[in-house]
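As a plain string of letters, each chain reads:
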Amino acid sequence: MATAAEHISQAKRNFKFLEMVSNSISPNSDWQVTIGFYTAVHIINAHLATFNLHYQTHESVKNAISPFGNIESLRVPEGIYKAYVKLQSLSRRARYLVNDSTSENSEASFIHAIHLARALRHLDTIMQYFCGKYPAQFDKIHIKCCELTQNENLRHYILLH
């Protein structure tokens, strides 16, 4: 199984790929959301690997880090958990064109700039928390997203418009 350091290394590669996609392919909000989620997946898995735990499904990971989970040391604060769950939902929307928050599934649910902005905020929240908890540091990346503003407290992005 991968170590925490290996998960962080993969998260950093994903994060740099997010920058590349943001700046070279247009339109690309759906791919950016998906890459952002898989960056978070590796950050979360690095956290779990520090306890020598490795889960095979997204659902298992989500249950493990829940603020109400069975293993106290794996729990994350509710705000971090919600950011992860929302980012996962946005990624699912991007990949399958479904909106988990509505019971009406007759129309495709596309990703727009507003959804990308939400995903990037959630990823930044997750990164801020885990960079404060562990020695992992990520270089800032250049991101294009018209729905983000310079006055937001986003620590991992340099916004391009």
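Residues numbered from 1 in each chain as written. Predicted model: local features only at pLDDT ≥ 70, side-chain atom pairs only at ≥ 80, totals over all residues. Heavy atoms only, no water.

A. Local environment of the overall build of the chain. Helices and strands together make up the secondary structure of the chain, namely five helices and two strands. When the elements of the chain are put in sequence order from the N terminus, they spell out α-α-α-α-α-β-β. Relative to the 2.2 N^0.38 estimate, which gives 15 Å for 161 residues, the radius of gyration of the chain is 15 Å and therefore close to what a compact globule would have. Along the longest, intermediate and shortest principal axes, the C-alpha atoms of the chain span 40 × 40 × 30 Å. Within the chain, the proportion of its 161 residues that are buried is 45%. (Helix = DSSP H or I, 4+ residues; strand = E, 2+ residues; numbered from the N terminus. Rg over C-alpha atoms; globule rule 2.2 N^0.38 Å. Buried < 20%, exposed > 50% of the residue type's maximum accessible area, 1.4 Å probe, protein only.)

B. How the structure looks around the packing of helix 1 (residues 4–24) against helix 2 (residues 29–49). The contact between helix 1 and helix 2 brings their axes to 8 Å, and the two run at 165°. Judged by the inter-axis angle, helix 1 sits roughly antiparallel to helix 2. You can see that helix 1 and helix 2 cross each other, and the crossing is left-handed. Contact residues: Ala4, His7, Ile8, Gln10, Ala11, Asn14, Phe15, Phe17, Leu18, Val21 and Ser22 in helix 1; Trp31, Gln32, Ile35, Tyr38, Thr39, His42, Ile43, Asn45, Ala46 and Ala49 in helix 2. (Axes fitted to C-alpha atoms, helices over the stretch in contact; angles between N-to-C directions. Parallel < 35°, antiparallel > 145°, perpendicular 65-115°, else oblique. Left-handed = near helix turned anticlockwise from the far one by under 90°. Contact = heavy atoms within 4.5 Å.)

C. Layout of unusual backbone geometry. A positive phi angle, close to 60°, is found at asparagine 52, a residue other than glycine. With respect to the element layout, asparagine 52 can be found in the loop between helix 2 and helix 3 (58–65). Overall, the relative accessible area of 60% leaves asparagine 52 in the exposed class.

D. Geometry of the pattern of salt bridges. Scanning the model with the defined rule gives four salt bridges in all. For lysine 62, the salt bridge is made with glutamate 59, and the minimal N-O distance between the two is 3.5 Å. Of this pair, lysine 62 and glutamate 59 both sit in helix 3, three residues apart, which is roughly one turn of that helix. Look at glutamate 59 and you get partly exposed, because its relative accessible area is 43%. (Salt bridge = Lys/Arg side-chain N within 4 Å of Asp/Glu carboxyl O.)

E. Quick look at the side chain of glutamine 32. Examined against the element boundaries, glutamine 32 turns out to sit in helix 2. The contacts of glutamine 32, once residues within four sequence positions are left out, are Leu18, Val21, Ser22, Leu116, Ile143 and Lys144.

F. Focus on the environment of serine 22. Mapped onto the fold, serine 22 is located in helix 1. For serine 22, a relative accessible area of 4% corresponds to the buried category. Setting aside its immediate chain neighbours within four residues, serine 22 contacts Asn28, Gln32, His142, Ile143 and Lys144. A distance of 2.9 Å separates the side chain of serine 22 from the backbone nitrogen of lysine 144, its partner in a polar contact. (Polar contact = N/O pair within 3.5 Å; in protein donor to acceptor, adjacent residues only side chain to side chain.)

G. Geometry of the packing of aromatic side chains. This structure, assessed with the given rule, holds six aromatic pairs. Each ring, one from phenylalanine 37 and one from tyrosine 38, has its centre 4.9 Å from the other, and the planes form 70°; the classification is edge-to-face. Given the relative accessible area of 0%, phenylalanine 37 is considered buried. By relative accessible area, tyrosine 38 is classed as partly exposed at 28%. Measuring from centroid to centroid gives 5.8 Å for phenylalanine 37 and tyrosine 84, while their planes differ by 40°, and the two rings are tilted. Separated by 47 residues along the polypeptide, phenylalanine 37 in helix 2 and tyrosine 84 in helix 4 (residues 78–96) bring together distant segments of the chain. Comparing phenylalanine 37 with tyrosine 84, the two get one shared label, buried. Of the aromatic side chains, those joined through ring pairs into one cluster are Phe15, Phe138 and Tyr157. Across the ring face of phenylalanine 138, the terminal group of lysine 12 is positioned such that the distance to the ring centre comes to 5.9 Å. (Phe/Tyr/Trp six-rings, centres within 6.5 Å; stacked < 30°, edge-to-face > 60°. Lys NZ or Arg CZ within 6 Å of the ring centre and 35° of its normal.)

Taken by themselves, the reported measurements are silent on function.
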